[in-house]
Amino acid sequence: NAGVTQTPKFRILKIGQSMTLQCTQDMNHNYMYWYRQDPGMGLKLIYYSVGAGITDKGEVPNGYNVSRSTTEDFPLRLELAAPSQTSVYFCASSYGTINSPLHFGNGTRLTVT
Amino acid sequence: QQPVQSPQAVILREGEDAVINCSSSKALYSVHWYRQKHGEAPVFLMILLKGGEQKGHEKISASFNEKKQQSSLYLTASQLSYSGTYFCGTERGYGGSQGNLIFGKGTKLSVKP
């Protein structure tokens with residue numbers, strides 16, 4: 001069982017570059033999420049999706065874009081990378097019901113210099 | 001509206017007990033608990049639902065006080081494997097959960113031999 005798979009695991013970007021963080025899940029979950037984690041700050045929701053073709057902003061969406069063309073995939077796009085986007089990014093998925101846990105991917109550690 | 005966790009950090013000897021609290025300023029319908037080991041993804045422990053019973057996972061249990069808008073995680077007879085950072089997550093929406101969680105900043109638990 002693969003669960004939630006994120007690629008790449010590590011990436012270093014220069015200021016102003018762009019990149020896409022990939023996330024795919026094989027559990028047929030409708031709901032998918034992108035969180036970022038900064039030291040001592042917990043997990044902050046960037047964007048989420050309740051199904052293919054539907055996305056919405058979370059707490060910290062500025063500087064990011066997402067798309068959801070299939071149930072399985074939920075890529076996160078960084079345009080014009082900034083040092084403030086240095087963080088660990090986690091993708092997660094769930095069935096979205098009140099008693100559904102979140103299943104997290106292993107994360108992508110991004111450094112912008 | 002980020003839930004507040006206390007304490008921020010705790011150090012235990014093997015076999016000792018600990019309590020981690022999670023408080024919210026708004027009405028809660030559910031509280032999630034996750035554990036994250038260093039360099040790894042958060043892992044689901046349990047969900048507490050409004051009106052539900054106290055949950056348990058191995059020697060880890062939790063309670064949910066709806067009136068106080070608070071949940072507590074109880075770690076009994078701690079083991080070395082319990083070390084990590086514990087996060088509570090509360091739903092962002094109103095009413096039922098869409099798995100759209102706001103996480104606390106975490107409580108770092110260190111269990112020493």
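Refer to the structure presented above.
Residues numbered from 1 in each chain as written. Chains lettered and ligands numbered in written order. Predicted model: local features only at pLDDT ≥ 70, side-chain atom pairs only at ≥ 80, totals over all residues. Heavy atoms only, no water.

Comments concerning the layout of surface pockets
Which entries qualify depends on this criterion: Site definitions follow a grid-based scheme: protein atoms alone, a 1 Å grid, a 1.4 Å probe that fits but cannot get out for cavities, and for pockets an open set with protein on both sides within 12 Å along at least five of seven lines, plus lining residues having an atom within 4 Å of a point. Grid points are joined across faces, edges and corners, and a volume is the space filled by probe spheres set on the points. The helix count covers DSSP runs of H or I at least four residues long, the strand count covers runs of E at least two residues long, and both are numbered beginning at the N terminus. Ten residue types, Ala, Val, Leu, Ile, Met, Phe, Trp, Tyr, Cys and Pro, are classed as nonpolar, four, Asp, Glu, Lys and Arg, as charged, and the remainder, Gly among them, as polar.
As a volume, the largest pocket reaches approximately 900 Å³. For the largest pocket, the lining is made up of 37 residues, of which Gln37, Pro39 and Gly40 of chain A together with Gln36 and His38 of chain B are closest to its centre. Among the secondary structure elements, those contributing two or more residues to the lining of the largest pocket are strand 9 (87-94) and strand 11 (108-112) of chain A together with strand 1 (4-6), strand 9 (84-91) and strand 11 (107-112) of chain B. Split into classes, the residues belonging to the lining of the largest pocket amount to 10 nonpolar, 20 polar and seven charged.

A short note on unusual backbone geometry
Filter applied, for reference: For each residue, the accessible area found with a 1.4 Å probe, counting protein chains only, is set against the maximum for its type, and the residue is called buried under 20%, exposed over 50%, and partly exposed in between.
Between Thr7 of chain A and the following residue, Pro8 of chain A, the backbone shows a cis peptide bond with an omega angle of -5°. Cis geometry marks the peptide bond from Ser6 of chain B to Pro7 of chain B, where omega comes out at -5°. Here Pro7 of chain B lies in the loop between strand 1 and strand 2 (9-13). In this structure, Leu80 of chain A takes a positive phi of about 55° despite not being glycine. For Leu80 of chain A, the location among the structural elements is in the loop between strand 8 (76-78) and strand 9. Residue class for Leu80 of chain A comes out exposed when judged on its relative accessible area of 64%. Of note in this structure, Gln69 of chain B is not a glycine but carries a positive phi near 55°. Its place among the elements puts Gln69 of chain B in the loop between strand 7 (60-65) and strand 8 (70-75). Judged by relative accessible area, which is 22%, Gln69 of chain B ranks as partly exposed.

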